[in-house]
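Chain residues, written in single-letter form:
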Amino acid sequence: MVQGIAKAKAEGRMKGRPEDAERNEAILDMLRKGQSWNTVVKATNCSRSTLAKLAKRVP
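Residues numbered from 1 in each chain as written. Predicted model: local features only at pLDDT ≥ 70, side-chain atom pairs only at ≥ 80, totals over all residues. Heavy atoms only, no water.

(A) Representation of the overall build of the chain in the model. Across its full length, the chain carries 4 helices and 0 strands. Here the C-alpha atoms of the chain give a radius of gyration of 16 Å, more than 25% beyond the 10 Å that 2.2 N^0.38 yields for 59 residues. When the backbone C-alpha atoms are referred to their principal axes, the chain occupies close to 45 × 20 × 15 Å. The buried share of the chain, reckoned over its 59 residues, is 20%. If you sum the accessible surface of the chain, you get close to 4800 Å²; carbon and sulfur atoms cover 52% of it. Of the charged side chains in the chain, 13 are positive and 6 negative, and the gap between their average positions amounts to 8 Å. (Helix = DSSP H or I, 4+ residues; strand = E, 2+ residues; numbered from the N terminus. Rg over C-alpha atoms; globule rule 2.2 N^0.38 Å. Buried < 20%, exposed > 50% of the residue type's maximum accessible area, 1.4 Å probe, protein only. Areas by Shrake-Rupley, 256 points an atom, 1.4 Å probe, with all protein chains shown as cover. Lys, Arg positive; Asp, Glu negative; His and termini not counted. Charge placed at Lys NZ, Arg CZ, Asp CG, Glu CD.)

Shown next, in the form of structure tokens:
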């Protein structure tokens, strides 16, 4: 079973859960406008870990 999973990942068939692009773009927009993390979390109902990952994408 482990070998089959490793093979599928190597072939690109297991990609994990797709990201919510619409929500993430809204979060990035809010961060670019300078809104606080607490405001963003309350408005989008995302976790702080998700917010931290997305904050790294803000130029």
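(B) Representation of the environment of C46 within the structure. As for its position among the elements, C46 is in the loop between α3 (37–44) and α4 (48–55). Spatially, the C-alpha atoms of C46 and M1 are 33 Å apart, while their sequence positions differ by 45 residues.

(C) Seen up close, the pattern of salt bridges. Taken as a whole and assessed by the stated rule, the structure comprises 4 salt bridges. Ionic pairing is found between E19 and R57, a salt bridge with its closest N-O pair at 3.0 Å. With E19 in the loop between α1 (2–10) and α2 (21–32) and R57 in the segment after α4, this residue pair connects regions lying 38 residues apart in the sequence. For R57, a relative accessible area of 46% corresponds to the partly exposed category. (Salt bridge = Lys/Arg side-chain N within 4 Å of Asp/Glu carboxyl O.)

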